[in-house]
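In case you want the letters, here they are:
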Amino acid sequence: MIRHFLTAATFAVLALASSCKHLPVDPPIDPRDTTHTPIGHMLTGTSWKLHGLAVKGGQIQIADRETFTLKFTTASHAEGSASCNGYGADVKADSENISFSNIISTMAYCGDESLDRHFMPALQSAHAYTRDGNSLIIFSKSGITLYFYSAENPQQSHHNMVKFADFQLVKFHIDPFHDQGVRKVDENHIALTVGYSGGCREHDFELYADEPIMPGNATDFAKLMLTHNAHGDVCEAYLTKELIFNVEPLLRKWRNTPHANQRLVLQFSQFDSGVIEFHK
């Protein structure tokens, strides 16, 4: 009886093995093969609307009659509108680099003043980007920079603007953080990388400029203060974040100051991360 039981069990195992060998098996993925790797990164599924672009000679705001959009529909595809035309493209991106290829667009004439003459070449030569919450900046090798805001959250669209305050009168709220570097993004924006402890609540950072701009013999100086509100976050994860601020109001104030010099240097009151300078 025991022998019959073993024989039945043996046939059951053999039958299962026979059926399993006919199941499809996925081939092993070569780690050098990137076709199976999602390449949209954190942009996949997001939608953006252009609010301005920078070209040689200054920044241009988008006219109300023109609409430029960019939607990352999948990890490898993007589409949108470029004034009076629609387009689609293959896209490849990681945490900081981006490129568009195989761009297909309708060919309607949008007028001599349309900014599609700048927008499409910028996409074709795009090479890097930064995303800060609901804002997206795409940099191109053609020298054109595209500024987008989130189509889902238009009320939080633009990069944080620098604010003004009299440093001798204002007591700033500054929770602990570590400076990890500053850089000039373009002719209107600067980026500050900060490290801080948290992870349980949103942290707010704001950039202030001292009301008076200090004149010099050949260079003017502006003092900046970065504030940090952790909103009582007591979590201990160490986070890093790049903050992008629009300093155009400060630059406009400086350039309109009588007898201003040709060079402005930004100085940070809390730390020394190098010099950021702007020219008239």
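Conventions used here
Residues numbered from 1 in each chain as written. Predicted model: local features only at pLDDT ≥ 70, side-chain atom pairs only at ≥ 80, totals over all residues. Heavy atoms only, no water. Helix = DSSP H or I, 4+ residues; strand = E, 2+ residues; numbered from the N terminus. Buried < 20%, exposed > 50% of the residue type's maximum accessible area, 1.4 Å probe, protein only. Contact = heavy atoms within 4.5 Å. Areas by Shrake-Rupley, 256 points an atom, 1.4 Å probe, with all protein chains shown as cover. Disulfide = S-S within 2.5 Å. Pairing = 2+ DSSP bridges. Axes fitted to C-alpha atoms, helices over the stretch in contact; angles between N-to-C directions. Phe/Tyr/Trp six-rings, centres within 6.5 Å; stacked < 30°, edge-to-face > 60°. Polar contact = N/O pair within 3.5 Å; in protein donor to acceptor, adjacent residues only side chain to side chain.

**Here we look at the overall build of the chain**
Phase 1: Tallying secondary structure elements over the chain gives 3 helices and 18 strands in all.
Phase 2: Buried positions account for 40% of the 280 residues belonging to the chain.
Phase 3: The long-range share in the chain, meaning contacts at least 24 apart out of those at least 6 apart in sequence, stands at 63%.
Phase 4: Taken as a whole, the chain presents about 16,300 Å² of accessible surface, with 55% of it coming from carbon and sulfur.

**Let's talk about the state of the cysteines**
Phase 1: Inspection of the entire model under this criterion finds 2 disulfides.
Phase 2: The disulfide that involves Cys-200 links it to Cys-235, with 1.6 Å between the sulfurs. The sign of the -80° torsion about the S-S bond sets the Cys-200-Cys-235 disulfide as left-handed. One end of the pair, Cys-200, is in the loop between β13 (189–198) and β14 (204–210); the other, Cys-235, is in the loop between β15 (220–229) and β16 (237–246), and 35 residues separate them in sequence.
Phase 3: Assigning the bonded cysteines of the chain consecutive numbers by sequence position, one obtains the connectivity 1-2, 3-4.

**Quick notes on the sheet that holds strand β11 (residues 163–165)**
Phase 1: Strand order in the open sheet formed by 5 strands is β11-β14-β15-β17-β18, with mixed pairing between adjacent strands. Of all strands in the sheet, those bounded by a partner on one side alone are β11 and β18 (276–279). Direction aside, neighbouring strands of the sheet carry axes that sit 35° apart on average.

**Some thoughts on the sheet that holds strand β10 (residues 160–161)**
Strands belonging to one sheet form pairs held by backbone hydrogen bonds; the direction of such a pair is parallel or antiparallel.
Phase 1: The mixed open sheet is built from 4 strands, whose spatial order is β10-β16-β13-β12. Bordering the open sheet on either side are β10 and β12 (178–184), each of which pairs with just one other strand.
Phase 2: Note: β13 against β16, 10 bridges, orientation antiparallel. Paired with Ser-197 across the two strands is Tyr-238, which belongs to β16.

**Notes on the pairing of β14**
Phase 1: When you tally the buried positions in β14, you get 5 out of 7 residues, the bulk of the element.
Phase 2: Of the pairings in the sheet, the one linking β11 to β14 comprises 3 bridges and is parallel in character. Within β14, the position partnered with Ala-165 by the bridge is Asp-210.

**Examining the packing of aromatic side chains**
Phase 1: One pass over the full model with this rule turns up 10 aromatic pairs.
Phase 2: Between Phe-268 and Phe-271, the aromatic rings sit 5.2 Å apart at their centres with planes inclined by 15°, giving stacked as the arrangement.
Phase 3: Judged by relative accessible area, which is 9%, Phe-268 ranks as buried.
Phase 4: On the basis of relative accessibility, which here comes to 14%, the residue Phe-271 falls in the buried class.

**As for the side chain of Asn-85**
Phase 1: Its place among the elements puts Asn-85 in strand β5 (residues 85–93).
Phase 2: Its relative accessible area of 7% is what places Asn-85 among the buried residues.
Phase 3: In terms of polar contacts, Asn-85 uses its side chain to reach the backbone amide nitrogen of Ala-108, at 2.7 Å.
Phase 4: The residues touching Asn-85, leaving out its near neighbours within four places in the chain, are Gly-80, Ser-105, Thr-106, Met-107, Ala-108, Cys-110 and Asp-116.

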